[in-house]
Amino acid sequence: MAKITEKYEALVILSTKVGEENVKALVEKISALISANATLEKTDEWGKRRLAYPINYETEGYYVLFNFTSAAAFPAELDRVLKITDGVIRSLITLRAGE
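Cut-offs and rules
Residues numbered from 1 in each chain as written. Predicted model: local features only at pLDDT ≥ 70, side-chain atom pairs only at ≥ 80, totals over all residues. Heavy atoms only, no water. Axes fitted to C-alpha atoms, helices over the stretch in contact; angles between N-to-C directions. Helix = DSSP H or I, 4+ residues; strand = E, 2+ residues; numbered from the N terminus. Parallel < 35°, antiparallel > 145°, perpendicular 65-115°, else oblique. Left-handed = near helix turned anticlockwise from the far one by under 90°. Contact = heavy atoms within 4.5 Å. Pairing = 2+ DSSP bridges. Buried < 20%, exposed > 50% of the residue type's maximum accessible area, 1.4 Å probe, protein only.

S.K.: An account of the packing of helix H1 (residues 20–37) against helix H2 (residues 74–84) is requested, with residue identities and associated values reported.
M.R.: In the contact formed by H1 and H2, the axes pass within 11 Å of each other and the chain directions differ by 160°. Judged by the inter-axis angle, H1 sits roughly antiparallel to H2. The hand of the H1/H2 crossing is right-handed. On the side of H1, the interface is formed by Ile30, Leu33, Ile34 and Asn37, while H2 contributes Phe74, Leu78, Val81 and Leu82.

So, in structure tokens, the structure goes:
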């Protein structure tokens with residue numbers, strides 16, 4: 001029986017206080033984690049944007065959108081890893097509807 005896969009997107013907001021090199025390293029680390037466990041379709045870096053409200057005294061964040069296809073168990077693991085990763089302010093993983 002084939003493994004059922006779904007299409008997901010993960011929006012991650014990274015802290016700009018860690019420096020530009022560390023932001024790039026975090027994007028590469030998250031991309032590598034997704035690639036190792038799923039099929040990474042696209043990484044869309046939105047860049048530095050103002051937050052709607054301050055989070056941990058920060059008013060700006062570096063936004064990155066990852067589109068990937070994976071088994072249903074992986075997004076929960078990715079969410080767990082993102083929550084404990086230094087430099088990640090917020091993350092949201094959603095199922096892409098209608099694809």
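Having seen the model, we can carry on.
S.K.: Tell me what's going on with the sheet that holds strand S2 (residues 39–55), and back it up with residues and numbers.
M.R.: With respect to topology, four strands assemble into an open sheet ordered S2-S3-S1-S4, the strand pairing being antiparallel. The sheet terminates laterally at S2 and strand S4 (88–95), the two strands that pair on one side only. On average, adjacent strands in this sheet sit at an angle of 20° to one another, irrespective of strand direction. Across eleven bridges, the pairing between strand S1 (residues 5–15) and strand S3 (residues 58–71) is antiparallel. Across the sheet, serine 15 pairs through a bridge with glycine 61, a residue of S3. Together, S1, S2 and S3 form the strand contacts of H1, whose direction differs from that of S3 by roughly 15°.

S.K.: Account for unusual backbone geometry, naming residues and giving values.
M.R.: Although it is not a glycine, asparagine 56 adopts a positive phi angle of roughly 50°. Position of asparagine 56 among the secondary structure elements: in the loop between S2 and S3. Residue classification places asparagine 56 among the exposed positions, given a relative accessible area of 60%. In the Ramachandran plot, tyrosine 57 falls in the positive-phi region, its phi being about 65° despite a non-glycine side chain. Position of tyrosine 57 relative to the elements: it lies in the loop between S2 and S3.

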